[in-house]
Each structure stands twice: as structure tokens, then as C-alpha cells.
Amino acid sequence: MKRVGIVSVLGAVVRRDLTIALRQKSEVLTTLFFFVIVASLFPLGIGPEAALLRRIAPGILWVGAMLAAMLSLQRMFAADYQDGSLEQMVLSPQPLGVLVTGKILAHWLLAGLPLVLIAPLLGLQFDLDGRSLAILVASLLLGTPVLSLIGAIGAALTLGVRGGGVLLSLLILPLYIPVLIFGAGAVEADAAGLSASGHLALLAALLSLAAFFAPWATTAALRISLE
Amino acid sequence: MLEGKDLACERGGRALFSHLGFTLGDGELLQVQGANGSGKTSLLRMVCGLTPAADGEIRWNGTAIAALGEAYRESLLYLGHHNAIQDSLTARENLSATAALSGLVLSEREAGEALRRIGLRGREDFPTRFLSQGQKRRVALARLMWSKARLWVLDEPFVALDAAALALLAETIAAHLGRGGLAVLTSHQEVAIAGISAQTLNLSP
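Residues numbered from 1 in each chain as written. Chains lettered and ligands numbered in written order. Predicted model: local features only at pLDDT ≥ 70, side-chain atom pairs only at ≥ 80, totals over all residues.

*Asks:* Hey, could you run me through the interface of chain B and chain A in this one?
*Replies:* Across the boundary between the two partners, chain B contributes 28 residues, which contact 25 residues of chain A. Of all the secondary structure elements, the ones that give two or more residues to the side of chain B that touches chain A are α3 (70-74), β6 (76-79), α4 (91-101) and β7 (104-105) of chain B. Looking at the side of chain B that touches chain A residue by residue, the class counts come to 14 nonpolar, nine polar and five charged. (Contact = placed C-beta atoms within 7 Å. Helix = DSSP H or I, 4+ residues; strand = E, 2+ residues; numbered from the N terminus. Nonpolar A, V, L, I, M, F, W, Y, C, P; charged D, E, K, R; others polar.)

*Asks:* Would you mind showing me how to read the nonpolar core here?
*Replies:* One broad trend across soluble globular proteins is that nonpolar side chains are buried collectively. Judged by nonpolar contacts, the single largest core of 126 residues is most densely connected at Leu61, Ala65, Ile150, Ala152 and Ala156 of chain A together with Val153 and Ala183 of chain B. The greatest single-element share of this core, amounting to 14 residues, is contributed by helix α7 (residues 130-157) of chain A. (Core = buried A, V, L, I, M, F, W, Y, C linked by C-beta atoms within 7 Å. Buried ≥ 20, exposed ≤ 12 C-beta atoms within 10 Å, placed from the backbone.)

*Asks:* Looking at this structure, I do not really get the environment of Leu173 of chain A. What am I missing?
*Replies:* Take Leu173 of chain A: it is sitting in helix α8 (residues 164-191). Placed 22 residues apart in sequence, Leu173 of chain A and Gly151 of chain A show a C-alpha to C-alpha distance of 8.9 Å.

*Asks:* What should I look at first to understand the environment of Leu22 of chain A in this one?
*Replies:* Relative to the helices and strands, Leu22 of chain A is located in helix α1 (residues 6-23). Since 12 C-beta atoms lie within 10 Å of it, Leu22 of chain A is described here as exposed.

*Asks:* Honestly, the pairing of strand β1 (residues 2-11) of chain B in this entry has me stumped. Any pointers?
*Replies:* Residue and element names in this part refer to chain B. Here β1 pairs with strand β2 (residues 14-24) via seven bridges, running antiparallel. Residue pairing across strands places Glu10 opposite Ala15, the latter belonging to β2. Counting the residues that bridge the hairpin from β1 to β2 gives two residues, and of these Gly12 lies at a positive phi of roughly 55°. Where β1 meets strand β4 (residues 55-60), five bridges bridge the pair, whose relative direction is antiparallel. Note that in β4 the partner of Leu2 across the bridge is Trp60. (Pairing = 2+ DSSP bridges.)

As C-alpha cells, then:
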């Protein structure tokens, strides 16, 4: 037996969560299929008018990704809460912030990254050109981790609350608004002939802000939920 | 040394106990007894620092545990009602995951060894969902086999175990106390731990 540093502890948490998720594939797949279906319903409902679809595409893809990422939020800590693993994490001599960061990272890898990867394919349904697709992917790449980070605070706060799922959405969706505005705005700005870099820079700023504060707030929320 | 001073507990607006005190020296065992709902689990969670005490203070080697933080958690092992094992992981994976939380890397061989000692030979690589209640408890208890913690806090460790596992657990606890470790446990049954005279703390009014 040997002692290890913080990075390997983080790695162990991520690895554990990924192993669990890959054994119960339904979790990853529901998120992904939800996104695919929501994004596909709009072109079917609105009709094949290319100019209109191009205009609404960024907003729809972003809202879809947001709702899909939110579907799996409640499960971020729920299983660990029920089987007592969360107590063990709180009692671990490792800083809880590091363990929580690992859980958030695992959530993003399972619920955020797949959305980023499938988005360009869905963008094709809306007749987006290659340049817009690239910006869409960039904005999602910067934005979806923020969704996981902010979502973790809500997931921790609503642990063990009856009907926590609805409460979680009400709590978290308003906080997602800035990400939505700058994320969808990046693609729209580029389509309008402006530079998208301002929007992307703001998303990156949101990401660093969330990465700094969210694990800390989640830690505090978890301790309260476990009392 | 673990001390509880003037402890009080309140759950849902009802006082469960108050002015409770104990002192536990090295190599000693504290057995908490009491009827259902008398606050045994609450007391154990207090000792771990999971639930703050409504009144009073718990000290580890003379310092309040709230002030010690990570230094205290380093010397603590808590086994609650829940086994803290994930159904879809194998026994071995569960054990390695728990070890990682304590900042230890458990090799495949070491994890297998601990599981064999607790009587799970041949079940190491089964998803724990297929194990019986008692076997799941054994997976949770396998942590005791490699733990380096000085203070063991065990909530109903004997539940769901068969006679052989009971004897093994009693032996493991005795060995831990023999090394100068401390243990706090709750139990409804009297379990003889060889050569150890336990302090008892009765919470029933």
C-alpha cells in the first residue's frame, strides 16, 4: 500500500464514476438521445425553410444541450448519497473540494462531452455551414463544463429533498441564462458577420469563475445535506 | 484519547440525550447501547463530525475535532448503516475506491487478500449486486483489514453477519485494540470480544 497525491485521488474518483456509468449505459444514452430528439423535433415542426432554421439553430441547440445536461444532474450525487459513499467522501482525509471536482469532471465527461461531439451532426439539420458549426462546438466546449459546475451546487443542495428534480430545475435554470446568452450569441454573432471571439472570451471567463467557486459552494452544500 | 464532554443531541426538535460524557483511552472499546431511536447513530455521527452536537464538544487527544479537521479524519474510520458500496462495481473495485478516498492505493493483490480474509474468496470480481446482504456487509467490513486508522467508529457492525463472520469481526476488533487502537460501536447483541472489557454507554432514559 502506498500513499498518493491529490491528482491520483482525483483520477480515482473520475475513474470510479466512469466505470459505474459505463456499466449502466442507460445514463449516458438517455442524455444523448434526449438532445438528439429535442434538436430533431424543431426542423420537423417548423418545416424546411433553410433561412429560418439557420437563424434559430444556435438557440435551439443550446437550449437542447442545456436541458439534456440537466436531466442527469440529479444523479450526480444521488447514488452516493443513498449508499453512504458520500459520507465516506466527507469523512475522507482528502480535501472534499478535490473529490467534488472529480465528480463534476466525471459528470461533464458523461453528460457534457457527448453533447459537444454530437452537436455538429445535429447542426447539419439546421443547414449550418462549417464555420458556424466550428463556433458552435467551441461555445459548447467552453459552456457545458459551466453547466456541470453550476449544476453540482444545485444537485448538492437538493439531495434527499422530495421532488428534488423539479426544485433543481427551478434553482439552476436561471443561473444557466448567462451561459445560454453568450453560447448562442457566439454563433449568431458570427452568422451576422461580427467576431465571435468576444462571446467566447466571456464564456471562458464564466468557466474559470465557475471552476473556482462551484466546487467550494458544492462542498458546503454537501456538508449541510448530510447533517 | 477520545473524549465527549456534556454532549446533547436534538433531532427534529426533540431532545434525544443531554449531558452525556465519556472518555476513551488507547486500546479501549466503547459500546453504545440503547433502544431504537435513542440516538446511538446520532452520537456516532457526532463522534465522526458529520452532525454537529447541539451542545458540548468532542475532543481527540485534547483538541476539539472541529478544529482538527483533516488531521482527525486521517485517524478515523467510520462504518455506517449503509455499506458505502456501489452495486455495479465488483467487490475489489469497491475496496480500491474506498482506499483511494483514504489516499491509499490498494494493489489488486492487496484488495484480494483483504477480501479473502473476510471470507469472500471467489467473489472478488462479482458485481456486488449479486451478493447477499451479509456478503455486502463483509465487503464493507473488508476495509477494517487494511485500515491504518486509530479510531474505528462502527454502527451496528454485527448486523446480517453469520457466526463465522461474527467471530472474525470480534477477532479483528480485538487485534485493533491490542495495537492501541480505539473503537466505538453500537450493537443490540452482546458480542464477546476476547480479553477486552468494554465500557458501556446506555442512552435509554
